[in-house]
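Examining the three-dimensional arrangement
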Amino acid sequence: MDYQEVCQVYRDLEKTSKGLEKTTILAKFLAKIKTEPELIYLIQGRVFPDYDEREFGISEQLAIKAISKSTGFNESRVVSEFKKLGDLGLSAEKIMQDKRQSTLFSKKITTDKVLANLRKLPELEGKGTVEHKLNLIIELLNSASPEEAKYLVRTLLADMKVGVGSGILRDAIVELVYQPKDITEKKEKALQIQEAYDKATDFAEVFEKAILNKLGEISLNPGKPVKVMLYPKAENIEDAFKIVGRPAAFEFKYDGFRMMLNKQENKDITIFTRRLDNVTNQFPDAVKYASENISGKTFIIDCEAVGFDPKTKKYRPFQDISQRIKRKYEIEKLEKELPIELKIFDIIYYNGKSLINEPFKKRRELIEKIVKSISYKIQLAEQLITGDEKQAEEFYDRALDEGQEGLMAKSLQAPYKPGARIGYAVKIKPEGEDFDLVITGAEYGTGKRAGWLTSFDVACNSDGELLDIGKVSTGLKEKPEEGLSFLELTKLLKKIIIKEDGRHVFVKPEIVLTVQYQNIQKSPSYSSGYALRFPRVRALRPDRGIQDIATLKEVEKEARKEL
Ligand code: AMP
């Protein structure tokens, strides 16, 4: 297929903000790519499936260089266009238009060529990488039309701006493959597609199997990351019983981060976070504990990695160990200074078989059999099965006394639903509410804090649209050794600035913070219609992405409670 045809779809998608219209545009496109399902990735602004975390590694600077070299205009011209338009894709288009007045282009680029060149980018390493990357991009830009250049550059920078989230892709597949007669059938099919996607984390595979009526063939595969099950909140123990049934399994809710331990046959363990990042190299300790103490040829095990103080053995809050997730160097040193313990709480695949439809009680019995517990290395999550509120309350007090975040209450009969925030288990936490939110902008401080970004605009999610809900500036430290500091966050944000406006900057929405607040107020000042009062940063969440942040619905629910 010509890349131009894909660009036409981008253009149509960009013209409307209505979900239904986007769905119809996409369904039409899907009809054309039944034999090339991989082209779905391009629509997503990607070249690999969602479970594949490889990145192009293209900075704005490199993209500017590529545009400059392929057009013959110098870099400062590209930069000044970029400053005007705030979007390198648009800048590339504009500059190409100017260039094209003098030179006519004739070659067509195919989607195969785009996929081939872009897929080479993450593979390049070592000497000459930058040059090699530039050449691959320039080769594409040289035969691109201005519009193609716009979308190529946006793809390279992982910033498509055409507004296709997974919900819309899912609905488009439903519309094309099933042509549902009514809303009930539409919902039912959407659920099937969603379930298949949550196992596969790959829209091309789901689309292909849906056309062949073989969705049932999609299965779990150790080594390929799968979405984790998520848990809604319960108000208290009584509420938890109502949601998950009585008796229920109560477990300590540890304040660490989620890890999926994957064992393939005759291979070492691979570890994924809940945003499907492969963090195996960062956690040789976890790999060791799991391979030495879990028996089985193949498995996918769900657990929480919790930090503890190596001297006092006291558990530490997540923020203290969060740096281990991203750090690529001095791993051994970190392993000693910030040790972790694995708290195993679920299993979804064992020795060649998926267990997601088995009741939780059975899954727990299996982990009790196959995991050898060793304190401060690997242990099962502390659990109490009870139908008695008083016993559950006592267990809750114990969890809090030991410095844990609260409790989980789990249905004994429920299956495991990857990717779903469903009431098969719920979390119970004491007062002191918090939301995970994404940073969309920030402001430089003044005086002593000049040079640091000190106030952060945070947003929640409403069907793929980010809505502001406040500014947060407390909770960060001035001295890096005391915890998450202004300097650390400033460094991270500076890499993803999209636009500057005086002291204010806009950033790519990538960085997630856990923000504590005292209450929520209605507020016309923010696009969500709400404002957090007394917000405070509790943690930086490198293990979480934009898909994990609070939804507007959750915000509304919490706001209603306060009335
Ligand atoms: P939250 O991050 O507040 O939505 O709480 C859910 C998270 O708690 C899960 O994603 C896990 O990372 C973590 N967690 C800690 N202990 C457990 C447990 N025993 N069972 C399930 N999840 C747990």
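Here, the structure is the one placed above.
A brief report on the enclosed structure follows. (Residues numbered from 1 in each chain as written. Predicted model: local features only at pLDDT ≥ 70, side-chain atom pairs only at ≥ 80, totals over all residues. Heavy atoms only, no water.)

**What to know about the nonpolar core**
This is how it is decided: What is meant by a nonpolar core is a set of buried Ala, Val, Leu, Ile, Met, Phe, Trp, Tyr and Cys residues, joined one to another through side-chain atoms within 4.5 Å. Accessibility here uses a 1.4 Å probe with only protein chains present; expressed as a share of the type maximum, an area under 20% marks a residue as buried, one over 50% as exposed, and anything in between as partly exposed. Any pair of residues with heavy atoms lying within 4.5 Å of one another is described as a contacting pair.
Counting residues in each nonpolar core, the largest one holds 70 residues, and the members touching the most others are Tyr3, Tyr10, Leu42, Ile58, Leu88 and Leu141. Not counting residues up to four positions away in its chain, the partners in contact with Leu42 are Tyr3, Val6, Tyr10, Val47, Thr111, Val114 and Leu115. Core analysis: the next-biggest nonpolar cluster, separate from the first, contains 35 residues, Leu476, Val507, Leu513 and Ile520 among them.

**A look at the sheet that holds strand 9 (residues 406–410)**
Formally: Paired strands, as defined in this entry, are two strands with at least two bridges between them according to DSSP. Runs of E in the DSSP output that reach at least two residues are strands. Runs of H or I that reach at least four are helices, and both are numbered from the N terminus. Fitted lines through C-alpha atoms give the axes, limited to the stretch in contact for helices. The angle between two N-to-C directions lies from 0 to 180 degrees.
Spatially, 8-1-9-10 is the arrangement adopted by the 4 strands of the open sheet, whose pairing is antiparallel. Every interior strand has two partners, whereas the edge strands, strand 8 (383–386) and strand 10 (425–428), have only one. Looking at each pair of strands side by side, their axes are set apart by 25 degrees on average, direction ignored. Looking at chain direction, strand 1 (residues 248–253) and strand 9 are connected through 5 bridges and run antiparallel. Note that in strand 9 the partner of Ala249 across the bridge is Lys410. Packed on one face of the sheet, helix 19 (residues 389–401) meets strand 1, strand 8, strand 9 and strand 10 and runs near 140 degrees to strand 9.

**Focus: the site of the ligand**
Under the convention used in this document: Throughout, near means a residue has at least one heavy atom within 4 Å of the molecule or strand. Using the Shrake-Rupley algorithm and a 1.4 Å probe, accessible areas are obtained, with residue cover drawn only from the displayed protein chains. Amino acids are sorted into nonpolar (Ala, Val, Leu, Ile, Met, Phe, Trp, Tyr, Cys and Pro), charged (Asp, Glu, Lys and Arg) and polar (every other residue, Gly among them).
Around the ligand, the surrounding shell holds 15 residues, and the nearest of these are Arg258, Glu304, Lys410, Lys427 and Arg544. Bound to the protein, the ligand loses 95% of the 500 Å² it would expose on its own. Looking at the shell around the ligand, the elements with two or more residues in it are strand 1 and strand 9. With 3 residues, the single largest contributor to the shell around the ligand is strand 1. Across the shell around the ligand, the residue classes tally to 6 nonpolar, no polar and 9 charged.

**Side note on the packing of aromatic side chains**
Where two aromatic rings form a pair, the distance of their centres and the angle of their planes describe that pair. Let me state the cut-off plainly: Note on ring pairs: Phe, Tyr and Trp rings are taken, using the six-membered ring of Trp, and paired if centres are within 6.5 Å. Classes follow the plane angle, with under 30 degrees stacked, over 60 edge-to-face and the rest tilted.
The final tally for this structure, using the stated rule, is 11 aromatic pairs. When the ring of Trp452 is compared with that of Phe486, the centres are 5.8 Å apart and the planes differ by 15 degrees; the resulting orientation is stacked. Here Trp452 is found in the loop between strand 11 (433–444) and strand 12 (453–462), whereas its partner Phe486 is found in helix 20 (residues 486–494), with 34 residues between them in sequence. Phe486 shares its class with Trp452; the two are buried. Site record: aromatic cluster; members linked through ring pairs are Phe252, Tyr254 and Phe395.

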